[in-house]
Amino acid sequence: MYSHEDPVFRQKEVLFPDYIPDHLPHREKEIKAVSSLINSALKDPAGIVNIFIYGPPGTGKTASIKFIFRKLEEETAAFPVYINCFRINTRMGVIYAIIFEFFRKVRPTRRIPSRRGVAYDELFDLLVSELRKSRIFPVICFDEVDHLLPRGAEVLYDLSRLKEESIPVQLIMITNDQFIFMNVDPRIRSSLRPVEEIPYRAYTLDEMREIIKLRVEFAFQKDVVDEKAVDYLAEVACEMGGDVRIARETLLRAGELAKKDGKFRVTVEHIKQALSESQFAKAKSMVEQLSSKERKIISLIPENGIFYPEFYELYRKVYPSGVRDRMLRYYLERLARYGLITMERRGIGGSYFIRLNVPRKVLNSF
């Protein structure tokens, strides 16, 4: 029997990006390993081990940490701070994010300090002072830590060295790239030791099928999603690298399509259609998180590409009060690191040729 509110979805939020289930199947071993390292540090701050988590996209890395952090807040005296380095990728930004969370959670009756007009050293000294007085144990996660490197890497050094001042801080670093720290200053790499590496492998077909079935069970009305649709989605998701996010986004779109056609049943055809619509979902998600400056820059890049000197002239013509040459190249390099554009040297002069990696319709939707 269908719900009067929605004939397809029972709990649509189960398919939303920020939903963290009460159980993460096939990640029990990794969650136990991370939790054990945090609990050991809580019992003996002198023996802190930092944590480096790596693996393909959509394999539960972020979900695991958010799951663990929820438990930490409920059951321990730890002070967990989650930082998405895609959004916050400077030393100043990181320190202010930690201070903001500290005053919000630990000193809620006090006014949160402003970062405007304050030097980095002043903010850092304030954080050190507050941590020393509060005697809490910060566990700080840097998700997508590659976006912090190399320009913001110094903050990892600053935080990891606090143990030398008897202020225990445990760092968790998450990335898709196992070798992301290879080209980082050896001084920073050394400061992060000891560090425990925890790899996250891609899900197998059976594991992916089980994960999808669980999401279907909680998100949809009973018997709305065909078994063949689940099997097909599991196979495609595994072929695309075992990314659960692809499966989740596809289920959400397929459910909306089933509702739109009035048959209220999710079939293989709905999954196929949803997959074609969601193939650039990650790019859209990344574009959503760009700053207004970055969006303006990427929106000007022609679909057939452009050489940098011509692009600089185009940008200055459209935005005469915009950023200058050096900063424009800095923003372009960031967009290239995100994978949204490609920059390659061409011709005798070696000028950069800039090419879009996302469809124009993704950019035009903002």
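Residues numbered from 1 in each chain as written. Predicted model: local features only at pLDDT ≥ 70, side-chain atom pairs only at ≥ 80, totals over all residues. Heavy atoms only, no water.

Student: Help me get a handle on the overall build of the protein, residues and values and all.
Tutor: For the protein, the helix and strand inventory stands at 15 helices and eight strands. Relative to the 2.2 N^0.38 estimate, which gives 21 Å for 366 residues, the radius of gyration of the protein is 23 Å and therefore close to what a compact globule would have. In terms of principal-axis extent, the alpha carbons of the protein reach across some 65 × 60 × 40 Å. Residues classed as buried in the protein amount to 49% of the 366 residues present. Taking the intrachain contacts of the protein between residues at least 6 apart in sequence as the baseline, contacts between residues at least 24 apart amount to 73%. Accessible surface for the protein amounts to roughly 19,100 Å². Of this, 50% is attributable to carbon and sulfur atoms. (Helix = DSSP H or I, 4+ residues; strand = E, 2+ residues; numbered from the N terminus. Rg over C-alpha atoms; globule rule 2.2 N^0.38 Å. Buried < 20%, exposed > 50% of the residue type's maximum accessible area, 1.4 Å probe, protein only. Contact = heavy atoms within 4.5 Å. Areas by Shrake-Rupley, 256 points an atom, 1.4 Å probe, with all protein chains shown as cover.)

Student: Any chance you could break down helix H9 (residues 244-260) for me, citing the residues and the numbers?
Tutor: Between its first and last C-alpha, H9 extends 24 Å over 17 residues, near the 24 Å set by a 1.5 Å rise per residue. Taken across its 17 residues, H9 has twelve buried, putting it largely inside the fold. Burial in H9 covers these residues: Val-244, Ile-246, Ala-247, Arg-248, Glu-249, Thr-250, Leu-251, Leu-252, Ala-254, Gly-255, Leu-257 and Ala-258. Backbone nitrogen of Arg-245 and a side-chain oxygen of the N-cap are separated by 2.8 Å at the start of H9; the cap is Asp-243. Remark: Gly-262 follows H9 within two positions and exhibits a positive phi of approximately 80 degrees. (Expected span 1.5 Å × (residues − 1). Polar contact = N/O pair within 3.5 Å; in protein donor to acceptor, adjacent residues only side chain to side chain.)

Student: An account of the pattern of salt bridges is requested, with residue identities and associated values reported.
Tutor: Inspection of the entire model under this criterion finds 27 salt bridges. Between Arg-187 and Glu-154 there is a salt bridge; the shortest N-O distance is 2.5 Å. Here Glu-154 lies in helix H5 (residues 154-160) and Arg-187 lies in helix H6 (residues 186-191), a separation of 33 residues in the sequence. Accessibility expressed as a relative area gives 25% for Glu-154, which makes it partly exposed. One connected set of salt bridges, linked through shared partners, spans Asp-6, Lys-12, Glu-256 and Lys-259. (Salt bridge = Lys/Arg side-chain N within 4 Å of Asp/Glu carboxyl O.)

Student: Explain empty space enclosed by the protein residue by residue, including any values.
Tutor: Any space left empty among the atoms is revealed by the rolling of a water-sized probe across them. The full count for this structure, using the stated rule, is one cavity of 30 Å³ or more. Approximately 30 Å³ is the volume found for the largest cavity. Lining the largest cavity are Ile-211, Ile-212, Arg-215, Val-244, Ala-247, Arg-248 and Leu-251. At the level of secondary structure, the elements contributing two or more residues to the lining of the largest cavity comprise helix H7 (205-219) and H9. Counting residues per element, the lining of the largest cavity draws most heavily on H9, which supplies four residues. Of the residues contributing to the lining of the largest cavity, the split by class is five nonpolar, no polar and two charged. (1 Å grid on protein atoms, 1.4 Å probe; cavity = no way out; pocket = protein on both sides within 12 Å on 5 of 7 lines; lining within 4 Å. Points joined across faces, edges and corners; volume = space filled by probe spheres on them. Nonpolar A, V, L, I, M, F, W, Y, C, P; charged D, E, K, R; others polar.)

Student: Can you tell me about the packing of helix H12 (residues 292-299) against helix H14 (residues 325-337), naming the residues and giving the values?
Tutor: Contact geometry of H12 with H14 gives a least axis separation of 10 Å together with a crossing angle of 85 degrees. Judged by the angle between their axes, H12 and H14 are roughly perpendicular. Judged by residue contacts, Lys-293, Glu-294, Ile-297 and Ile-298 of H12 engage Leu-328, Tyr-331, Leu-332, Arg-334 and Leu-335 from H14. Of the residues contributing to the contact of H12 with H14, the split by class is six nonpolar, no polar and three charged. (Axes fitted to C-alpha atoms, helices over the stretch in contact; angles between N-to-C directions. Parallel < 35°, antiparallel > 145°, perpendicular 65-115°, else oblique.)

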